[in-house]
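# Observations on the model geometry
The primary structure of each chain is shown beneath.
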Amino acid sequence: ETEAGRRPAMAIARQVLCLCAFLSLPHARCEPLRYSVAEEAESGSVVGNVAEDAELAPAQLSARGARLASEDGRQHFRLERGTGRLVVAERLDREQLCGQAATCTLAFELLLAKPLQFFRVEVALQDVNDHSPVFPEEGVTLRILETSNVGSRFPLEGARDLDVGSNSIQAYSIAPENEHFSVSFGTRSNGDKYVELVLEKALDREEQAEVGFDLIAVDAGSPPRSGTTQIRIVILDANDNAPVFTQERYVAEVLENAPEGSVVLHVVATDRDVGVNGDISYQFMQGVGQSYSAFTIDPKSGEIKLTKPLDFEEADKYEISVRATDGGDLSAICKVVVEVVDVNDNAPELVVSSFSSPLPENALPGTVVALFTVRDRDAGANGKVSCALEDHLSFALRPAYKNYYELVTVSTLDREETARYIVTVTAADAGSPPLTTTQTFTVDISDINDNVPVFNQTSYTMYVRENNVPTVLVGAVTASDADEGPNAKVMYSLSLAHPAEQPPCSCISVNSENGHVFVLRP
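All of these numbers come straight from a predicted model, not from anything done at the bench.

Each pocket or cavity is described by its volume, and for the second largest pocket that value is around 610 Å³. The wall of the second largest pocket is formed by 25 residues, among which Y460, M462, V477, L494 and V517 lie closest to the centre. Counting residues per element, the ones that place at least two in the lining of the second largest pocket are β36 (508–510) and β37 (516–519). Grouping the amino acids of the lining of the second largest pocket by side-chain chemistry returns 19 nonpolar, 6 polar and no charged.

Written out as structure tokens, the structure is:
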């Protein structure tokens, strides 16, 4: 089966669970629509049919303005409204999006309006074997005492494979086979992986001064990929003790706002030899895909310091390999784990998804004016966000779904009383001190015809001389309307004050536009 044939099949595989309603939204699902797709799938590859799985007709997607929304604003997928299919918007790189996490899930919401409805969508990005194991160096030289005991172990910096699971490194081997050494590969109790050369047969420098072979790392992908580094063993005599670290693994915590030059920790190695063979120097071992630019180590004391402030939101942990080498070129390796502690250095972010203005003054209480989401890039309490509305009698905030909020009306509106509202929403995190962000909504109120015209007098008395000239102006009436626009335009006409009276229309007329009253005949 070809790679192109496997990817569409993997993209179609999915599981859909639709179990219950959420809060006050009868159409928000508790269980998401779940799909899976292979990384590196071509743009336009079909992931699944969300319309079918959400039990929606494709026509509803366009009619209700269906769209995809994610917390980080990135659109990895595209919704075809005409068919309801969810397709890949761009080529996806699992390692770039999720690193070496065991699972990689891209989550977002499918939003529909009229009425407001949410569907949580989760797409599992499946790893493909698109990376080969890579050693940090093309060649490694080890200097080993000829007096080393059979069974002695010599640590190596292992290869790195950006893939995960069975596509990651599964085995190491030596080629050509060597009678003096074998390779051991495994995982320690703390979860750290190790690669070591094991001495199988005693060395004799006078018989053979150097030993060379290739170290091969292989993953279990289909087909498998491999990486190779050349190992050169220089056999020494004299210096019969290698440095030994006081710990195999050092752990330190550093505040992300710690200034440049702050001390992270000290690593310490000892050597039982004396003189030059007992002098130890320290240096970082640069690993594939790692950056130690934020740290520096004193080669004599083993003190590790910061070269720049750290950013918890950029990386919350660093793993550093340190080599201690004595004067006879014997060495040991330890691992340093630097855990970055979050401080409250990010204010909440408020993103408006929809906003309706102007709003008719006859809008019912509970009408949704705006929909927005809040988030904070900090962690823990520093990233917990609450929203509040400044004192306001006409509007309120209502939680909608997850970190979405609705701005709704809570009372009837009257344009003639207030034509515009300035509504301010404040988002605050739970840090100490808390950081806040404000968003102002200017809500204009549109007029409806809810006011009748009112005359400036309850009655008018007008006089005309007999034998008057036809169409003589005898006076004017004036009325006003509290509404605006067409609703406030007043038209005048005549009607009988008493049904028994003779219709006045034959001798009296009123201008419908300005209220001027005329006598039409003598």
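It is worth spelling out the domain arrangement of the protein at this point. Where interface size is quoted, it is often the accessible area lost as the parts come together. Domain annotation of the protein identifies domain 1 (33–126), domain 2 (139–236), domain 3 (244–341), domain 4 (349–446) and domain 5 (452–521). Here domain 2 and domain 3 have C-alpha centroids that lie 23 Å from each other. Between domain 2 and domain 3, the residue contacts involve 10 residues of the former and 13 residues of the latter. Taken over both partners, the interface formed by domain 2 and domain 3 buries close to 1000 Å², and the fraction arising from carbon and sulfur atoms is 49%. Contact with domain 3 buries surface across domain 2, with R143, E157 and R160 losing the most and accounting together for 48% of the total. Remark: the boundary between domain 2 and domain 3 carries 3 salt bridges. For the side of domain 2 that touches domain 3, the residue count by class is 4 nonpolar, 1 polar and 5 charged.

Turning to the sheet that holds strand β5 (residues 77–80), a few remarks are in order. Taken in spatial order, the 3 strands line up as β3-β6-β5 in an open sheet, and their pairing is antiparallel. At either end of the open sheet lies a strand with only one pairing partner, and these are β3 (46–49) and β5. Taking the axes of each pair of neighbouring strands and ignoring which way they run, one obtains an average angle of 25 degrees across the sheet. With 4 bridges joining them, β5 and strand β6 (residues 85–88) adopt antiparallel strand pairing. Bridging across to β6, F77 finds its partner in V88.

UniProt tags residues 29–135, 136–245, 246–350, 351–455 and 456–522 as "domain: Cadherin" (unreviewed entry). Spanning residues 351–455, this segment combines 0% helix with 53% strand, and its end C-alpha atoms are found 49 Å apart.

Once that is clear, we can look at the state of the cysteines. One pass over the full model with this rule turns up 1 disulfide. Bridging C98 to C104, the disulfide has an S-S length of 2.0 Å. Between C98 and C104, the S-S dihedral sits near 60 degrees, and the bridge is therefore right-handed. Relative accessible area serves as the criterion here: at 22%, C98 is assigned to the partly exposed category.

Here we come to the packing of aromatic side chains. Given two aromatic rings, their pairing is described by the distance between the two centres and the angle made by the two planes. Evaluated as defined, the whole model comprises 15 aromatic pairs. Considering the side-chain rings of F118 and Y404, the 5.3 Å spacing of their centres and the 55 degrees angle between planes classify their relative orientation as tilted. Taken as a pair, F118 in strand β8 (residues 117–126) and Y404 in strand β30 (residues 404–409) lie far apart in primary sequence, 286 residues in all. This pair shows no difference in class: F118 is buried, exactly as Y404 is. Ring centres 6.5 Å apart and planes at 75 degrees place the aromatic pair F245 and Y250 in the edge-to-face group. Per residue, the accessibility class of F245 equals that of Y250, and both read buried.

What follows covers the environment of Q117. Residue position: Q117 is located in strand β8. The spatial distance from the C-alpha of Q117 to the C-alpha of N277 is 72 Å, given a sequence separation of 160 residues. In this structure the side chain of Q117 is engaged in a polar contact, spanning 2.7 Å, whose partner is the side chain of R64.

For the rest of this paragraph, the subject is empty space enclosed by the protein. With the rule as written, the count across this model stands at 1 cavity of 30 Å³ or more. Approximately 70 Å³ is the volume attributed to the largest cavity. Looking at the largest cavity, the residues that line it are P136, E137, V140, L156, E157, L215, T229, I231, M285 and R323. When the residues that make up the lining of the largest cavity are grouped by side-chain class, the tally is 6 nonpolar, 1 polar and 3 charged.

Rules used throughout
- Residues numbered from 1 in each chain as written.
- Predicted model: local features only at pLDDT ≥ 70, side-chain atom pairs only at ≥ 80, totals over all residues.
- Heavy atoms only, no water.
- 1 Å grid on protein atoms, 1.4 Å probe; cavity = no way out; pocket = protein on both sides within 12 Å on 5 of 7 lines; lining within 4 Å.
- Points joined across faces, edges and corners; volume = space filled by probe spheres on them.
- Helix = DSSP H or I, 4+ residues; strand = E, 2+ residues; numbered from the N terminus.
- Nonpolar A, V, L, I, M, F, W, Y, C, P; charged D, E, K, R; others polar.
- Domains from an automatic or database assignment.
- Contact = heavy atoms within 4.5 Å.
- Buried area = accessible area lost by both parts, 1.4 Å probe.
- Salt bridge = Lys/Arg side-chain N within 4 Å of Asp/Glu carboxyl O.
- Pairing = 2+ DSSP bridges.
- Axes fitted to C-alpha atoms, helices over the stretch in contact; angles between N-to-C directions.
- UniProt positions renumbered as here; feature names shortened; annotations may be inferred.
- Disulfide = S-S within 2.5 Å.
- Buried < 20%, exposed > 50% of the residue type's maximum accessible area, 1.4 Å probe, protein only.
- Phe/Tyr/Trp six-rings, centres within 6.5 Å; stacked < 30°, edge-to-face > 60°.
- Polar contact = N/O pair within 3.5 Å; in protein donor to acceptor, adjacent residues only side chain to side chain.

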